[in-house]
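Descriptive structure summary
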Amino acid sequence: MVNTLSHIGIGLLLAHALGLKGRKRLGLVLLSIVPDIDYFSYSLFTLISGSVSHEARNQLFYLLGHRELTHSVFFAVILAVLIWIKTRDRTYTFGGFLAVFLHSFLDYTTSAKMRPFYPFSLNESALRAIYPFDPVVNVIPLLPLFIVAAEYIKSRGVRKYKKKHAWNIKDLYPWDLKIRGKWSVRDRDVWDRRLKRLNIFHSFVNRNEDKFYASFIIVLLIWTTMFPVAKIFLIDRISRTEGTEISYNDTYPISTGKFLAAYPADDSRYKLLEISYWAGVEKSFYVDRVTVEGDIPDASRYAERAGNLYSNSVPQAIDYPVYSVSEKDGAVTVILSDARNPYVKKWPYFDTVYRFVFDRESRDYEVYESHYGRPEKKLDKNYFE
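Rules behind the numbers
- Residues numbered from 1 in each chain as written.
- Predicted model: local features only at pLDDT ≥ 70, side-chain atom pairs only at ≥ 80, totals over all residues.
- Heavy atoms only, no water.
- Helix = DSSP H or I, 4+ residues; strand = E, 2+ residues; numbered from the N terminus.
- Contact = heavy atoms within 4.5 Å.
- Areas by Shrake-Rupley, 256 points an atom, 1.4 Å probe, with all protein chains shown as cover.
- pLDDT = per-residue confidence, 0-100.
- Phe/Tyr/Trp six-rings, centres within 6.5 Å; stacked < 30°, edge-to-face > 60°.
- Buried < 20%, exposed > 50% of the residue type's maximum accessible area, 1.4 Å probe, protein only.
- Lys NZ or Arg CZ within 6 Å of the ring centre and 35° of its normal.
- Pairing = 2+ DSSP bridges.
- Axes fitted to C-alpha atoms, helices over the stretch in contact; angles between N-to-C directions.

1. Describing the overall build of the chain
- Scanning the chain from N- to C-terminus turns up 13 helices and ten strands.
- By sequence separation, contacts in the chain at least 24 residues apart represent 55% of the contacts at least 6 residues apart.
- Put simply, the chain shows about 20500 Å² of open surface, and 59% of that area lies on carbon and sulfur atoms.

Here it is in structure tokens:
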């Protein structure tokens, strides 16, 4: 789950490293954000999903949902084939594949839950080895954007100078005018030194362009490979400490080098762990799977029914389900959420909460969905059955 500017930076990095210019460079920049076109397709999905059958809804979700088809390896290959058919350019085709693939891979290494091998497999997975706001993953792709911005500032200043045949603060540094008021000899000298430093930097970049940008990509690939491997050893160490198997896939980064893990402690509780590379288990606490408000003898039956309905839906946003059961005026309400939800406020995951309302007499039900910071909405019946 990397920011959009960083994804754009990846496309620019690839274009420079491969020596692409003009429209092909722009093409790689656009391809680097193409997977997120599913924001628009998901909006279409929400409009039509209520009017189709449950089975059709699920299949449409795999095709139109966010981080579904467009974030799969299959999608990257299809786009690469189309680029090859259109251009017959091996370098551009390879760059196009990498631009799309690296977008999905960076999401995959942070926190996104995806189906990377759809349509050949519906299994969800994610490495979740790198904190979404990791400075390396987010900053390195921004460097080519800063370089392009610096080139623009330099070229704009030089053009203005040549055109005017004189230094003019209104043209070169309009924001300084309010502070300095006049364009002095000292101001000219300062701007001369800045242009000189930019010339030295850009001369270095231009002489070593392929190596310069390729080194950024290499550092990024090493970083995004090192942490998933390191996480394997961490999960293995914590599993041996706890005497159970900790899920690699369901262990989420909560800061750089720190994760939130969970596992079933027994039939009635989950155990949650805050773990890190340098300290192992830092905190641990238990969460009840089912809590009941008041005297409801058949509470477990309603919790089970809510769980069965949820298991037929997509997306599967809850890994460790917990149920809160209450009753009022002949209606049993079951709140279904993830055991980790209270510990990750304002996060974009674990924040899905379902409210099932079952009528005891008619056995009919209604379901409502909510997310952190957004109003609750009623779901269509075809969401579950």
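Moving on, there is more to tell.
2. Brief notes about the confidence of the model for the chain
- The pLDDT averaged across the chain works out to 84; a share of 82% of its residues lies at or above 70.
- Confidence drops under a pLDDT of 50 for residues 165-183, and excluding neighbours within four residues, the segment shows 30 contacts in the predicted structure.

3. Brief notes about the packing of aromatic side chains
- Using the criterion set out here, one finds 22 aromatic pairs in the structure.
- Judged by centre distance (4.4 Å) and plane angle (75 degrees), the rings of Y252 and F350 are edge-to-face. Placement of Y252 in strand β1 (residues 252-255) and of F350 in the loop between β7 (331-338) and β8 (353-359) is noted, with a sequence separation of 98 residues between them.
- Centroid distance Y310 to Y354: 5.4 Å. Interplanar angle 50 degrees. Geometry classified as tilted. A residue pair is termed long-range when its members are at least 10 positions apart, and Y310 in helix α13 (residues 299-311) and Y354 in strand β8 qualify at 44 residues. Pair check on accessibility: Y310 and Y354 agree, each one buried.
- Each member of the aromatic cluster is reached from another via a ring pair, and the members are Y302, Y310, Y354, F356, F358, Y365, Y383 and F384.
- The ring of Y286 carries the charged tip of R269 above its face, separated from the ring centre by 4.1 Å.
- The aromatic ring of Y365 is capped on one face by K381, whose charged end is 4.8 Å from the ring centroid.

4. Looking at the sheet that holds strand β10 (residues 374-378)
- If you trace the six strands from one edge of the open sheet to the other, you get β5-β6-β7-β8-β9-β10, paired in mixed fashion. Where the open sheet ends on each side, the last strands, each with one partner, are β5 (290-292) and β10. Averaged over neighbouring strand pairs, the angle between their axes works out to 20 degrees when direction is ignored.
- Note that β8 and strand β9 (residues 365-371) share six bridges and pair antiparallel. Residue pairing for β9: V353 is matched across the bridge by S370.

5. Digging into unusual backbone geometry
- Y118 connects to P119 through a cis peptide bond whose omega is 10 degrees.
- Positionally, P119 belongs in the loop between α6 (90-110) and α7 (135-139).
- The amide bond that connects V314 to the next residue, P315, takes the cis arrangement and shows omega of 0 degrees.
- Tracing the backbone shows P315 in the loop between α13 and β6 (321-328).

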